[in-house]
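Residues per chain, in single letters:
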Amino acid sequence: MLNLHKLVNQLRYMFKKLIYIFILFLIFSSCTKCKNENKGNFSEEFNIPDSVMYDGDLAISEAAINDIVQNISSPVEMAALIKSLGVPFSKDYLATTDYVDSYTTSFKKAIGLGVFGADLGYLNMYNKTGSVIDYISAIKTLADGIHVGQFFDFTTLKRLATNNQNLDSLMYISVQNFNQMDRYLRENKRSSLSSLIIAGVWVEGMYLVGEVARKNPSAELREKIGEQKIILSNLMIILKNYQKDPNFKELIDDLNEIQDMYKNVIITYEKGEPEMVEEDGMLVIKQNDKQFIEISNELMVKIINKTAAVRNKIIQL
Amino acid sequence: MRNSYLIVALFAIFILNNNSAKAQSGQELVDLCNIIADDATYLKDFQVKLDAAKPGEEKPNMKFSVVLSKSTQYRFSICNSKDYPGKAIVSLYDNNRLLGTNYLVATGKNYPSFDFKCQSTGVYHIFIDFREGEQGLAVVLLSFVQKL
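Keep in mind it's a predicted model, so treat the numbers as computed, not measured. (Residues numbered from 1 in each chain as written. Chains lettered and ligands numbered in written order. Predicted model: local features only at pLDDT ≥ 70, side-chain atom pairs only at ≥ 80, totals over all residues.)

### Some points on the overall build of chain B
Then, number 1: For chain B, the helix and strand inventory stands at two helices and 10 strands.
Then, number 2: Seen in sequence order, chain B has helices and strands lined up from the N terminus as α-α-β-β-β-β-β-β-β-β-β-β.
Then, number 3: In chain B, buried positions account for 45% of the 148 residues.
Then, number 4: Counting only contacts in chain B whose residues sit at least 6 apart along the sequence, the fraction spanning at least 24 positions is 81%. (Helix = DSSP H or I, 4+ residues; strand = E, 2+ residues; numbered from the N terminus. Buried ≥ 20, exposed ≤ 12 C-beta atoms within 10 Å, placed from the backbone. Contact = placed C-beta atoms within 7 Å.)

The structure is reproduced here in structure tokens:
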């Protein structure tokens, strides 16, 4: 009788244990689901202690920086312009990924991330999947180095590039991953790194357009280089916020030289009335403004040369 | 008695677990919007979640600023979460003027996307609110259509 009672107690104990294990399993699976949703959503899951947070005085607060202009430099648009002009692809324009392991500081990693991001956009635009793997590997290494590698879906990108299929997805996922990194950095008081990625994308995009313009001059490319006066002034507002950091100071000084050259680029406007029309069922807003960009060939070459020098300095070891 | 507490806890977790699976995430909306954007190339997404307007107060809204380039056609695609009643209204401004919106008050027509033919490089502002000030969750996708 006593043995039977013992056995019942043991069974009860085991049953309770099983329930606890089951509850733990449910909680765990529930949290995993939350985590996956957050990953692409509002980026709240990771709270990594970070030595690279900028702790100097900021002229513009981190919160205000989030309100400042987004999409300052887009690797897609620069590459799309080059491709639309019928300019053939050239691997010579791209930054080498050979020395990525030697990018040791967060500053170098973040700005390098931007440079390789722009190159990846150029490769994707021309469907050069063979070279893409080198660049996504480099990006993954640098992203891990500043604790944002979790947003870069290396496995999927590598599979898409290796199989040479679904190239639209390759572009979509890679651009989106960069946006997720940017959003996470901004939301976690690491906007200094976000601004460096943007700077890297801009410098490399300018370098690509500049090098193409050297070999294949065109009015469109000259205008594109001229209009960067507006983009650079926005980028400088963000970068100058961190000028107390010596690395930032050096970058700002370099870009200041380019900005000084841009003082001689004249941009004028003729305002028109915007209109909304329906074309094939699609609502289209036509701006009807006119913008005139005046830049001499001589000045354009000077800007291209200076940009190339700044870019080569960024990727040098 | 203690076992019955455990069963209730188990049931509650199961219900919570099941509900979270049904909620539409921001990422799902971005993916959905990318399909609506059709053959345009994704550039940026803006995720907005706003509470319902309080009586007597202005509708809450969110503002994003972007740089858009001359001679470029962009597409703005709007996706509303099915978990909230609000339908997003997206208004595009240059420095001081309204250029257009996806909701035409005169006709009451709401467009899921619109194109913008940009003729001047500069900073543009996107304002997003929800019709009638309802609570809502939406994603607005900015994508590149073509050089003009």
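### Describing the overall build of chain A
Then, number 1: Each helix and strand counted, chain A has 11 helices and four strands in total.
Then, number 2: Residues counted as buried form 42% of the 317 residues belonging to chain A.
Then, number 3: Look at the contacts in chain A between residues 6 or more apart in sequence, and 72% of them connect residues 24 or more apart.

### Observations regarding the sheet that holds strand 2 (residues 275-279) of chain A
Then, number 1: Ordered by their spatial adjacency, six strands build an open sheet running 2(A)-3(A)-8(B)-3(B)-10(B)-1(B), and the pairing between neighbours is mixed. Bordering the open sheet on either side are strand 2 of chain A together with strand 1 (41-50) of chain B, each of which pairs with just one other strand. The mean angle between the axes of side-by-side strands here comes to 25 degrees, regardless of whether they run parallel or antiparallel.
Then, number 2: By the bridge criterion, nine bridges tie strand 3 (residues 72-80) of chain B to strand 10 (residues 136-147) of chain B in an arrangement that is antiparallel. (Pairing = 2+ DSSP bridges. Axes fitted to C-alpha atoms, helices over the stretch in contact; angles between N-to-C directions.)

### So, helix 10 (residues 246-262) of chain A
Then, number 1: Here helix 10 of chain A spans 24 Å end to end across 17 residues, near enough to the 24 Å set by a 1.5 Å rise per residue.
Then, number 2: Those residues of helix 10 of chain A that sit buried are A:Phe248, A:Leu251, A:Leu255 and A:Ile258. (Expected span 1.5 Å × (residues − 1).)

### Description of the sheet that holds strand 2 (residues 61-68) of chain B
Residues and elements named next belong to chain B.
Then, number 1: Read across the sheet, four strands follow the order 2-9-4-5 without closing on themselves; strand pairing throughout is antiparallel. The open sheet is flanked by strand 2 and strand 5 (98-101), the only strands paired with a single partner. Recorded for the sheet is a direction-independent mean angle of 25 degrees between the axes of neighbouring strands.
Then, number 2: Bridging between strand 4 (residues 88-93) and strand 9 (residues 122-130) involves six bridges; their strand directions are antiparallel. Note on strand 9: the bridge partner recorded for Tyr-93 is His-125.

### A short note on the nonpolar core
Then, number 1: In this structure, A:Ile139 and B:Val140 are the most contacted members of the largest nonpolar core, which totals 117 residues.
Then, number 2: Sorting elements by how many residues they give to this core places helix 8 (residues 191-215) of chain A first, with 14 residues.
Then, number 3: With residues up to four places along the chain from it excluded, the contact list for B:Val140 reads B:Asp45, B:Phe46, B:Phe76, B:Ile78, B:Ala88, B:Val90, B:Ile126 and B:Ile128. (Core = buried A, V, L, I, M, F, W, Y, C linked by C-beta atoms within 7 Å.)

### Focus on the confidence of the model for chain A
All names here are of chain A.
Then, number 1: When pLDDT is averaged across chain A, the result is 82; 79% of the residues are at 70 or more.
Then, number 2: When mean pLDDT is taken per element in chain A, helix 10 scores highest with 95 and helix 2 (residues 62-67) scores lowest with 56.
Then, number 3: Predicted confidence for residues 30-52 stays below pLDDT 50, and this span has 35 contacts to residues more than four positions away or in other chains. (pLDDT = per-residue confidence, 0-100.)

### With respect to the environment of B:Pro112
All names here are of chain B.
Then, number 1: Mapped onto the elements of the fold, Pro-112 is located in the loop between strand 7 (109-110) and strand 8 (113-118).
Then, number 2: The exposure class of Pro-112 is partly exposed, given the 16 C-beta atoms found within 10 Å.
Then, number 3: A C-alpha to C-alpha distance of 19 Å links Pro-112 and Phe-64, two positions 48 residues apart in sequence.
Then, number 4: With residues near it in sequence (within four places) discarded, Pro-112 still touches Ile-36, Ser-77 and Ile-78.

### Some words on the packing of helix 3 (residues 75-84) of chain A against helix 4 (residues 106-125) of chain A
Residue and element names in this part refer to chain A.
Then, number 1: Close contact between helix 3 and helix 4 brings their axes to 8 Å; oriented N to C, the two are set at 40 degrees. One way to sum up the angle between helix 3 and helix 4 is to call them oblique. Viewed along their axes, helix 3 and helix 4 form a crossing whose handedness is right-handed. Contact residues: helix 3 offers Pro-75, Val-76, Ala-79, Ala-80 and Lys-83, while helix 4 offers Gly-117, Ala-118, Leu-120, Gly-121, Tyr-122 and Met-125.
Then, number 2: Residues that form the contact of helix 3 with helix 4 fall into these classes: eight nonpolar, two polar and one charged. (Parallel < 35°, antiparallel > 145°, perpendicular 65-115°, else oblique. Left-handed = near helix turned anticlockwise from the far one by under 90°. Nonpolar A, V, L, I, M, F, W, Y, C, P; charged D, E, K, R; others polar.)

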